[in-house]
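# What the coordinates show
What follows is the residue order along each chain.
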Amino acid sequence: MGAQKSIHAGNAKIDFNVDFTHKLCAAFMFNPFRNSGSPLSLVVGSLCIKHPNLFGKNEKLDVLWDKGLCDSNVLITCRKPKPEWLSQQAFVIQHSISPEIGIHGIPVDNFSRTGSGDVNLCRFSAGVDLSEPASSNWSSKTSIKFEHVRPINDDGRSISRDLHGFPVTCSGGCHDSMVVLKQESRFAKANDHSFTRFCLQIEQGIPILSKWLIFNRLKFVASKGIRLGPAFFLSSLTGGSVVGDIAPYQAFSIGGPGSVRGYGEGAVGSGRSCLVANSELTLPLNQMLDGAVFLDCGSDLSSGRLVPGNPALRHGKPGSGIGFGYGLRFKSQLGHFQVDYAVNTFQQRTLYFGFSNLASG
């Protein structure tokens, strides 16, 4: 279903990965946003180039290109060597194009799928990441970046308004610019019977120019896993809030396989605040197969009307929802395969497929 290859060119290492598997699965999940006659549109793959000594002083260069069905991402990172007790510094440049369906997507099939709203985001960012030395169970990273966001339609043309004529940027024009200071702190603790994880992200928009966005965005993720005899119970709570000047695409979207299963991406709602709870119990069926039951719920905390243009209300999203179901987890040397069968509040049934940790062959 794919091909992987690694080659060495001097000190540099180049990894190729071309994968047709996700195209097959996605065909059952949703229709592509862009219809292209090119054979390359059927390919999901990545290209990774690593150089361990770029300027002769152990500077490490990583170039990563990912291509999906409807999106692409280019990430260039240059790391300067530092002693372990000092902050690790990295210069980062990133360019991505992705469909914005979490906010502007149109729910269909009783909110179980989300179709294109003809809004995609073309993002460019450049800045510096500073990773602090890990202390006990805590780690932290600080970054400051310039970001330029340009909405485009499914044909690749710049747009300033959505299908209903509402602005898709904060500025009202064809793009937004901002400087974002971000602080991320992580806590992780684990033993043979349980684990605890917590992540807190705080973003601050700095108005260097009067037209640039000024906002404060907070997001947290807390998770706990406990072994109960042969079974394992996992629960997580995700929440966030944003104040200040925001564009619709900066709102929190609720719904989808990484949020509330049984709903399409963002089909539950979108708001300036959100709260999502997930719980899952897995039971081993044999050495390679686990069964799972799960319950997800999420809400925009009645903040959907506070998003500019109120896209959630215009698309009829309920603002809160519950999804439940069961699934299978298959583990092999090639990777992990996951299938979930979910039912949402409207009794609509959805099947999800997932692959992870595919090893090179």
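Being a predicted model, the structure only gives us computed values, none of them experimental. (Residues numbered from 1 in each chain as written. Predicted model: local features only at pLDDT ≥ 70, side-chain atom pairs only at ≥ 80, totals over all residues. Heavy atoms only, no water.)

### Comments concerning the confidence of the model for the chain
- The predicted model of the chain has a mean per-residue pLDDT of 87, with 87% of residues at 70 or higher.
- Averaged pLDDT values for the elements of the chain fall to 43 in helix H1 (residues 21-29) and rise to 98 in strand S17 (residues 273-284).
- Between residues 19-33, whose pLDDT stays under 50, and residues either more than four places distant or in other chains, the model counts 33 contacts. (pLDDT = per-residue confidence, 0-100. Helix = DSSP H or I, 4+ residues; strand = E, 2+ residues; numbered from the N terminus. Contact = heavy atoms within 4.5 Å.)

### Considerations on the environment of glycine 291
- Its location among the elements puts glycine 291 in strand S18 (residues 289-299).
- For the pair glycine 291 and leucine 281, spaced 10 residues apart in sequence, the C-alpha separation works out to 8.3 Å.
- Excluding anything up to four places from it in sequence, glycine 291 contacts Leu281, Thr282, Leu283, Leu285, Gly327 and Leu328.

### A word on the layout of surface pockets
- Put simply, the second largest pocket is a space of about 790 Å³.
- Of all the secondary structure elements, the ones that give two or more residues to the lining of the second largest pocket are strand S12 (194-206), strand S13 (215-228), strand S14 (231-244), S17, S18, strand S19 (320-332), strand S20 (335-343) and strand S21 (349-356).
- No other element matches S17, which puts six residues into the lining of the second largest pocket.
- In terms of residue class, the lining of the second largest pocket is made up of 11 nonpolar, 12 polar and eight charged. (1 Å grid on protein atoms, 1.4 Å probe; cavity = no way out; pocket = protein on both sides within 12 Å on 5 of 7 lines; lining within 4 Å. Points joined across faces, edges and corners; volume = space filled by probe spheres on them. Nonpolar A, V, L, I, M, F, W, Y, C, P; charged D, E, K, R; others polar.)

### Points about the nonpolar core
- Of all hydrophobic cores here, the largest spans 19 residues; its most connected members are Met178, Phe215, Tyr249, Ile254, Val260 and Tyr263.
- Mapped by element, the contributors of at least two residues to this core are strand S11 (176-190), strand S15 (252-254) and S17.
- If near-sequence neighbours (up to four positions away) are discounted, phenylalanine 215 is found in contact with Met178, Val180, Glu203, Gln204, Gly205, Val242, Val243, Gly244, Asp245, Ile246 and Gln250. (Core = buried A, V, L, I, M, F, W, Y, C linked by side-chain atoms within 4.5 Å. Buried < 20%, exposed > 50% of the residue type's maximum accessible area, 1.4 Å probe, protein only.)

### A short note on the side chain of glutamate 203
- Relative to the helices and strands, glutamate 203 resides in strand S12.
- Not counting the four nearest positions on each side in its chain, glutamate 203 is found in contact with Val180, Leu181, Lys182, Phe215, Asn216 and Arg217.

### Looking at the pairing of S14
- Here S13 pairs with S14 via 14 bridges, running antiparallel. For asparagine 216, the partnering residue across the bridge sits in S14 and is valine 243.
- The turn linking S13 back onto S14 is made up of two residues, and glycine 229 within it adopts a positive phi angle of 65 degrees.
- As defined by bridge partners, S14 adjoins S17 across 10 bridges and the pair is classed as antiparallel. When the sheet's bridge partners are listed, leucine 234 is paired in S17 with glutamate 280. (Pairing = 2+ DSSP bridges.)

### Details of the packing of aromatic side chains
- The full count for this structure, using the stated rule, is six aromatic pairs.
- Between phenylalanine 146 and tryptophan 212, the aromatic rings sit 5.6 Å apart at their centres with planes inclined by 50 degrees, giving tilted as the arrangement. With a gap of 66 residues between them, phenylalanine 146 in strand S10 (residues 138-152) and tryptophan 212 in the loop between S12 and S13 connect regions that are remote in the sequence.
- Overall, the relative accessible area of 18% leaves tryptophan 212 in the buried class.
- Cation over ring: arginine 197 sits above phenylalanine 195, and NZ or CZ is 4.5 Å from the ring centre.
- Directly above the ring of phenylalanine 294 sits arginine 261, whose terminal nitrogen or CZ lies 3.9 Å from the centroid. (Phe/Tyr/Trp six-rings, centres within 6.5 Å; stacked < 30°, edge-to-face > 60°. Lys NZ or Arg CZ within 6 Å of the ring centre and 35° of its normal.)

### A closer look at unusual backbone geometry
- Positive phi values are uncommon outside glycine, yet asparagine 110 reaches one of about 55 degrees.
- Positionally, asparagine 110 belongs in the loop between strand S7 (106-108) and strand S8 (113-115).
- Classification of asparagine 110 as partly exposed rests on a relative accessible area of 42%.
- Phi at aspartate 118 is positive, roughly 65 degrees, even though this residue is not glycine.
- For aspartate 118, the location among the structural elements is in the loop between S8 and strand S9 (120-131).

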